[in-house]
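Coordinate inspection notes
Listed below, chain by chain, are the residues.
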Amino acid sequence: MADLPEYLVDQTEEEILNRMLEKVPSDIDKSEGSFIWDAQAPVAFMLSEAAIWAQELLRRGFASTAASDNPDFRSPELDLRTAEHGVTRREAVAASGMVTFTGTAGTTVPAGTLVATPADDVSGEASIEYATTASVTLDEQGAGEAAIRAVNPGRSGNVPAGVIQVMATPISGVASVINTEETKSGTDVESDQLLLERFYAKVRNQGTSGNKAQYTQWANEIAGVGGVEVVPLWKGPGTVGLYVLDTDKRAASPDIVAAVQKYIDPTQDGQGEGLAPAGPVVTIMPAAEVEINISVKVQRTKEKPSTLDEIKKLIESGVRTYLKQLAFYKEDPLVRYTRISAVLLDIPIIIDFSELKINGQSNQNIEIGSGQVAVLGTVSVSE
């Protein structure tokens, strides 16, 4: 917070008490324990508390200081401040994905069937449950795919492929279930810092009359949206295209895309039934993911023993962070070979590396086009 106003400076109990005693005539005993001292000390304490409350009131009255850096805390004062400008905190979003059921051909798995990850008794990690969003009938090979959504919204529902294996709702004729791909797009309740960022974008970059800034603001008001690219004249005059990312900078899930479409232009007939003005037809789409596959040979440090699997995880973490920074960053739409090299050199347990290839190419940047987002694919590490 900026410097305190003068009337709130030096308002400690000791400072206040000393100023009060200075006003007492010198011929009156005001030493500690005297009647005057004992009478004024409680008053000084209460005045110092009031000064602390005033400082806290001042802190909570501005969005920049009301916002907390603690990702687990949500400031009610920030909610009140941003709501004055029509910016409300986005709720948590449930993760979604697909699962494959196997069993007897012709068996129907109804909508609402619960599947789950196994609980871990050792770590105490609880099972995560998902519900199918539509019914599916197993085909002649005894297999069928169904869309699922996490029962409880939040990032905890984002799990890797192959971990949803439990039929929480047993069904006769279904032998097993598994998710062949990761579940994604689950997000927690919007943090203070993300809410503050959207608030600043709203008040500092006013969207109006259906310009690009306004389309971006509208899309960002939907829970789970983590990035927007607006394409005017997408399919010619009278059309606008919006590509959307989730908060992990991946392609937005069908649920998020549908929510944005319903909010901005539900009828897609130019009648202006949503927030979009009458005239343009707005189409919401998930960004197209461009996988970045990496292979490299590394030389490990001798002083600190490590495994190739540990190095692989560090590379994956570093590259993911870099790719998230690039998402919809049109000033430099390249996945740069040198930046991937820098990620490797920043890993302390790697002394040197060679034969670095990105998507099978050496010393080549990968261009990311309009409506695309770079995501990490496979990472292969050898010596």
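Residues numbered from 1 in each chain as written. Predicted model: local features only at pLDDT ≥ 70, side-chain atom pairs only at ≥ 80, totals over all residues. Heavy atoms only, no water.

1. Quick look at the packing of helix α1 (residues 13–22) against helix α2 (residues 35–60)
- Two elements in contact, α1 and α2, have axes whose closest approach is 8 Å; the angle formed by their N-to-C orientations is 135°. Put simply, α1 runs oblique to α2. Read as a crossing pair, α1 and α2 show a hand that is right-handed. Only Ile36, Trp37, Gln40, Ala41, Val43, Ala44, Phe45, Leu47 and Ser48 of α2 make contact with α1, whose side of the interface consists of Glu13, Ile16, Leu17, Met20 and Leu21.
- A per-class count over the contact of α1 with α2 returns 11 nonpolar, 2 polar and 1 charged. (Axes fitted to C-alpha atoms, helices over the stretch in contact; angles between N-to-C directions. Helix = DSSP H or I, 4+ residues; strand = E, 2+ residues; numbered from the N terminus. Parallel < 35°, antiparallel > 145°, perpendicular 65-115°, else oblique. Left-handed = near helix turned anticlockwise from the far one by under 90°. Contact = heavy atoms within 4.5 Å. Nonpolar A, V, L, I, M, F, W, Y, C, P; charged D, E, K, R; others polar.)

2. Regarding the nonpolar core
- Counting 28 residues, the largest nonpolar core has Ile315, Leu323 and Val335 as its most contacted members.
- At the level of elements, β12 (288–300), α8 (308–326), α9 (337–345), β14 (350–358) and β16 (372–382) are the ones that each hand at least two residues to this core.
- Take this core: its biggest share by element is 6 residues, from α8. (Core = buried A, V, L, I, M, F, W, Y, C linked by side-chain atoms within 4.5 Å. Buried < 20%, exposed > 50% of the residue type's maximum accessible area, 1.4 Å probe, protein only.)

3. Digging into the pattern of salt bridges
- Tallied over the entire structure, the rule returns 18 salt bridges.
- Linking Glu355 and Lys297 is a salt bridge whose minimum nitrogen-to-oxygen distance equals 3.5 Å. Note that Glu355 is positioned in strand β14 and Lys297 in strand β12, a separation of 58 residues in sequence.
- Taken together, the shared-partner salt bridges in this structure form one network comprising Glu56, Arg59, Arg60 and Glu77. (Salt bridge = Lys/Arg side-chain N within 4 Å of Asp/Glu carboxyl O.)

4. Here's the deal with the sheet that holds β12
- The strand order across the open sheet built from 3 strands is β14-β12-β16, with neighbouring strands paired in mixed fashion. Whereas interior strands pair on both sides, the edge strands pair on one side only; in this sheet they are β14 and β16. Strand-to-strand twist in this sheet, taken as the mean axis angle between neighbours without regard to direction, amounts to 30°.
- In this sheet, β14 lies alongside β12 in antiparallel orientation, the contact comprising 6 bridges. Bridge assignment links Gln299 to a residue of β14, and that residue is Asp352.
- Contacts from α8 reach β12, β14 and β16 within the one sheet, and its direction differs from that of β16 by about 165°. (Pairing = 2+ DSSP bridges.)

5. A word on a nonpolar patch on the surface
- A grouping of Phe45, Met46, Ile52 and Trp53 is seen on the molecular surface, where their side chains present a nonpolar patch of about 440 Å² in accessible area.
- Structurally, Met46 is set in helix α2. (Patch = residues over 30% accessible without salt bridge, like charges linked within 9 Å, V, L, I, M, F, W, Y side chains within 5 Å. Areas by Shrake-Rupley, 256 points an atom, 1.4 Å probe, with all protein chains shown as cover.)

6. A few points about the environment of Arg320
- Looking at where Arg320 falls in the secondary structure, it is placed in helix α8.
- Assessed through its relative accessible area of 43%, Arg320 is described here as partly exposed.
- Sequence separation between Arg320 and Val43 is 277 residues; the distance between their C-alpha atoms is 57 Å.

7. Quick look at the sheet that holds strand β9 (residues 225–232)
- Pairing is mixed across the open sheet formed by 3 strands, whose spatial order is β9-β10-β11. Each edge of the open sheet is held by one strand with a lone partner, namely β9 and β11 (281–286). Neighbour-to-neighbour, the strand axes of this sheet turn through a mean angle of 25°, independent of strand direction.
- Bridge analysis of β9 against strand β10 (residues 239–246) gives 7 bridges, and the strand direction is antiparallel. Opposite Pro232, over in β10, you have Val240 as the bridge partner.
- The sheet contacts of helix α6 (residues 212–220) involve β9, β10 and β11, and relative to β9 the element is tilted by about 150°.
- On top of the sheet, helix α7 (residues 254–264) reaches β9, β10 and β11; it is set at about 165° to β11, its chief contact.

8. Digging into the side chain of Arg89
- Turning to its location among the elements, Arg89 is positioned in the loop between α4 (76–83) and β1 (96–103).
- A polar contact is formed between the side chain of Arg89 and the backbone oxygen of Ser75, at a distance of 3.4 Å.
- There is a polar contact of 2.8 Å between the side chain of Arg89 and the side chain of Asp192.
- Not counting residues within four places of it along the chain, the set of residues in contact with Arg89 comprises Arg74, Ser75, Leu78, Asp79, Val189, Glu190, Ser191, Asp192, Leu195 and Arg198. (Polar contact = N/O pair within 3.5 Å; in protein donor to acceptor, adjacent residues only side chain to side chain.)

9. Topic: α9
- Of the positions making up α9, those classed as buried are Tyr337, Ile340, Ser341, Val343 and Leu344. Summarising the axial view, the buried residues of α9 lie within an arc of 155°, below the 170-degree limit, and thus occupy one face. For α9, the exposed residues lying more than 90 degrees away from the buried face are Thr338 and Leu345.
- Lining the buried residues of α9 we find β12, α8, β13 (334–335) and β14. (Arc of directions from axis to C-beta.)

10. A closer look at the pairing of β11
- Sheet topology note: the β10/β11 ladder contains 6 bridges and is parallel. Bridging from a neighbouring strand, Leu242 pairs with Ile284 of β11.

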